[in-house]
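Analysis of the macromolecular model
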Amino acid sequence: MRGIRAAGTALALAGAMLGTAASTADAAPAEYARTAAACPTGWGSGVKSGGAVMGADHLTDVRTGQHECYDRIVFDIPGGGQIGYNVQYVDGFYADPSGQYIPVAGGAILDIRIGAWSYDLEAGVPTYPGKVGKPLPGVNISGYSTFRDTRFGGTSEGQTQVGLGVRARLPFRVIQLADRVVVDVAHSWTS
């Protein structure tokens, strides 16, 4: 009888300890999830510009990436110094200076202008292989949370233009670095 009671007590203690361990293990991921989901939301959706939008340097690459809180597009301009930019939401995307309408898929369109040529006039060759009205070469945004489409608008008078289709008019930020310009578009207005 005493053996059965001792075994019952041991099972009860083991169950209680297992229950405590399980609830502690469950709490840790929830705490981590709250921390990881804290995304910045104060970027706004108004026009953002900086530096001279017309530049003498050349765009060599455009690439994208996915992050937990935003999708990112990066414009590489090696040796460009403080590269100028102008980024804003528009109702329709029109190539400058031709005025050619270029359809861009998505719920909203960002018109991105970078102070760099995509064509070397002296050498007579493109430094970035974009074709007006076509998706950006080498950029695959399938499966992205926010990005829906990319379109090359062309290059003129020291600036390159890109249309970025996004899911909706969402907050974005622009980061200007010595050799690139980065545009991040948030997945939502709130975290």
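Owing to the predicted nature of the structure, the values given are computational and were not obtained by experimental measurement. (Residues numbered from 1 in each chain as written. Predicted model: local features only at pLDDT ≥ 70, side-chain atom pairs only at ≥ 80, totals over all residues. Heavy atoms only, no water.)

1. Examining the overall build of the protein
This is how the line gets drawn: Numbering goes from the N terminus for both helices and strands, where a helix is a DSSP run of H or I of at least four residues and a strand is a run of E of at least two. The buried label applies to any residue whose accessible area, calculated with a 1.4 Å probe on protein chains only, is under 20% of its type's maximum; exposed applies above 50%, and partly exposed to all values in between. It only takes one pair of heavy atoms within 4.5 Å for two residues to be counted as in contact. Accessible areas in this description were obtained via Shrake-Rupley with a 1.4 Å probe; residue shielding takes into account the shown protein chains only.
Helix and strand counts for the protein come out as 1 helix and 11 strands. Listing each helix as α and each strand as β along the protein from the N terminus yields α-β-β-β-β-β-β-β-β-β-β-β. Of all 191 residues assigned to the protein, the portion counted as buried reaches 40%. Expressed as a percentage of contacts within the protein between residues at least 6 apart in sequence, the contacts between residues at least 24 apart total 67%. With an accessible surface of roughly 10,100 Å², the protein has 57% of that area assigned to carbon and sulfur atoms.

2. What about the nonpolar core?
Going by this rule: The definition of a nonpolar core used throughout is a set of buried Ala, Val, Leu, Ile, Met, Phe, Trp, Tyr and Cys residues joined through side-chain atoms within 4.5 Å.
Core analysis: the largest hydrophobic core is formed by 30 residues, its most contacted members being Ile 73, Phe 75, Ile 112, Ile 114, Val 183 and Val 185. Within the residue set of this core, elements represented by two or more residues are strand 3 (70–76), strand 4 (85–90), strand 5 (108–114), strand 8 (147–156), strand 9 (159–166), strand 10 (172–176) and strand 11 (180–186). If one sorts the elements of this core by residue count, strand 5 sits on top with 4 residues.

3. Considerations on the pattern of salt bridges
Here is the rule we go by: Between Lys or Arg on one side and Asp or Glu on the other, a salt bridge is scored when a side-chain nitrogen of the former is within 4 Å of a carboxyl oxygen of the latter.
As enumerated under the stated definition, the model contains 7 salt bridges in all. Across the pair Arg 151 and Asp 149 runs a salt bridge, and its minimum N-O distance is 3.2 Å. Taking relative accessible area as the criterion, Asp 149 reaches 9% and is therefore assigned buried. Among the salt bridges present, the one from Arg 180 reaches Asp 179, with a minimum N-O distance of 2.6 Å. Look at Arg 180 and you get partly exposed, because its relative accessible area is 27%. For Asp 179, a relative accessible area of 33% puts it in the partly exposed group. Here the residues in one salt-bridge network are Arg 72, Arg 173 and Asp 184, joined through shared partners.

4. Re the pairing of strand 8
Here is the rule: Should DSSP find at least two bridges between two strands, the strands are taken to pair.
Where burial is concerned, most of strand 8 is hidden: 8 out of the 10 residues are buried. In terms of strand pairing, strand 8 meets strand 9 through 8 bridges, oriented antiparallel. Paired with Gly 154 across the two strands is Gln 161, which belongs to strand 9. Between strand 8 and strand 9, which pair antiparallel one after the other, the connecting turn spans 2 residues, and Glu 157 there sits at a positive phi close to 50 degrees.

5. Focus: the state of the cysteines
Filter applied, for reference: What counts as a disulfide here is a pair of cysteine sulfur atoms lying within 2.5 Å.
As enumerated under the stated definition, the model contains 1 disulfide in all. The disulfide bridge from Cys 39 ends at Cys 69, spanning 1.9 Å between sulfur atoms. Measuring handedness by torsion sign, the sulfur bridge of Cys 39 and Cys 69 sits at about -70 degrees and is left-handed. A residue pair is termed long-range when its members are at least 10 positions apart, and Cys 39 in the loop between helix 1 (2–36) and strand 1 (48–50) and Cys 69 in the loop between strand 2 (61–66) and strand 3 qualify at 30 residues. Overall, the relative accessible area of 19% leaves Cys 39 in the buried class. Since its relative accessible area comes to 13%, Cys 69 is described here as buried.

6. Structural notes on unusual backbone geometry
Excluding glycine, residues mostly carry a negative phi; peptide bonds, for their part, are mostly trans. Of note, the amide linkage connecting Asp 96 to Pro 97 takes the cis form, showing an omega dihedral of 10 degrees. Looking at where Pro 97 falls in the secondary structure, it is placed in the loop between strand 4 and strand 5. Unlike most non-glycine residues, Glu 157 shows phi in positive territory, near 50 degrees.

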